[in-house]
Structures are given as C-alpha cells and as structure tokens.
Amino acid sequence: MGITKSEIFTEEQNKLANYFKVLGHPARIAILQHIVKQRGCICNDLVDELGLAQATISQHLKELKSVDIIQGSIEGKSVCYCINETVWNELQNVIHHFFEKPFKNEKCC
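As the structure is a prediction and not an experimental result, all values here were calculated from the model.

Parameters and conventions
Residues numbered from 1 in each chain as written. Predicted model: local features only at pLDDT ≥ 70, side-chain atom pairs only at ≥ 80, totals over all residues. Heavy atoms only, no water. Salt bridge = Lys/Arg side-chain N within 4 Å of Asp/Glu carboxyl O. Helix = DSSP H or I, 4+ residues; strand = E, 2+ residues; numbered from the N terminus. Buried < 20%, exposed > 50% of the residue type's maximum accessible area, 1.4 Å probe, protein only. Axes fitted to C-alpha atoms, helices over the stretch in contact; angles between N-to-C directions. Parallel < 35°, antiparallel > 145°, perpendicular 65-115°, else oblique. Contact = heavy atoms within 4.5 Å. Nonpolar A, V, L, I, M, F, W, Y, C, P; charged D, E, K, R; others polar. Lys, Arg positive; Asp, Glu negative; His and termini not counted. Pairing = 2+ DSSP bridges. 1 Å grid on protein atoms, 1.4 Å probe; cavity = no way out; pocket = protein on both sides within 12 Å on 5 of 7 lines; lining within 4 Å. Points joined across faces, edges and corners; volume = space filled by probe spheres on them.

A. Structural context of the pattern of salt bridges. All told, the structure shown has one salt bridge when counted by the stated rule. One salt bridge connects lysine 15 with glutamate 90, and the closest N-O pair in it is separated by 2.7 Å. Placement of the pair is lysine 15 in helix α1 (residues 11-23) and glutamate 90 in helix α5 (residues 85-99), with a sequence separation of 75 residues. Exposure remark for glutamate 90: the relative accessible area of 27% places this residue in the partly exposed category.

This is the structure:
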C-alpha cells in the first residue's frame, strides 16, 4: 500500500478516520463496553471477560490509548483503565456531526 497523504485532508477528517480505525475491531468495542459497564476495570478482568490472551488485550488497550479514548492509572502491579470522558464526548460529537442528515427532505437518488 502507498503512503496516505493525510496532510491533504482536514484535521477533522484525519481525526475521524483515526477514531474509526481504532474502533474498527470488535475486541476494542467489547473492551470499551466492558469499561463503560464497570466504570473502570483491571486488565486481568478483561482477559477473564473476553477470553483473549493478556498480550492481545494489552495490544488493544494500547490502540485505544493511542487516541486517548481510555486512560489508565497504575495501582501496584495492575493498571486500572477508564473512559476519558473528554475524548469520549468529543468522539460522540464528531461522529454525530459526521452522520447529521445532509439533506432536508430532498430526494438524493
């Protein structure tokens, strides 16, 4: 594959694409759903909940952290993850804006 020319797209387009890329794996969606449901969790809880290897869970957590959807804090030998509410709200707004109905009762095709 060629190099993506991300600089020719707007900041919002790049941000939305990054969110969709990170959210594009069902394990990451399951992780987010579990964290939201638990209002935080420990990595080992995710291993038990999802049935994936700890290393696999860690990779998915790394991807979610790369766009700041989650944040973690170290508690002894464990890391506790929670939703970054600021980014979560921004994500909701960006996705909502993307899916806003562009047509006002006009037939497109």
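Moving on from the model shown.
B. The packing of α1 against α5, seen in detail. Close contact between α1 and α5 brings their axes to 11 Å; oriented N to C, the two are set at 110°. Judged by the angle between their axes, α1 and α5 are roughly perpendicular. Two secondary-structure elements touch here, α1 through Glu12, Lys15, Leu16, Tyr19, Phe20 and Leu23 and α5 through Val87, Glu90, Leu91, Val94, Ile95, His97, Phe98 and Phe99. Here the contact of α1 with α5 is built from residues that sort into 10 nonpolar, one polar and three charged.

C. Expanded view of the side chain of arginine 28. If you trace the backbone, arginine 28 turns up in helix α2 (residues 26-38). At 4.7 Å, glutamate 63 is the nearest oppositely charged side chain to arginine 28, a buried residue that forms no salt bridge.

D. Fine view of the sheet that holds strand β3 (residues 78-83). Taken in spatial order, the three strands make up an open sheet running β1-β3-β2, and their pairing is antiparallel. Strands at the two margins of the open sheet, each flanked by one partner only, are β1 (41-42) and β2 (70-75). Lying on the sheet, helix α4 (residues 54-66) is in contact with β2 and β3; it crosses β2 at an angle near 120°.

E. Structural view of the layout of surface pockets. Put simply, the largest pocket is a space of about 210 Å³. Around the largest pocket sit Ile35, Val36, Arg39, Gly40, Cys82, Ile83, Glu85, Trp88 and Asn89, which together line it. Within the residue set of the lining of the largest pocket, elements represented by two or more residues are α2, β3 and α5. No other element matches α5, which puts three residues into the lining of the largest pocket. Residues belonging to the lining of the largest pocket are distributed by class as follows: five nonpolar, two polar and two charged.

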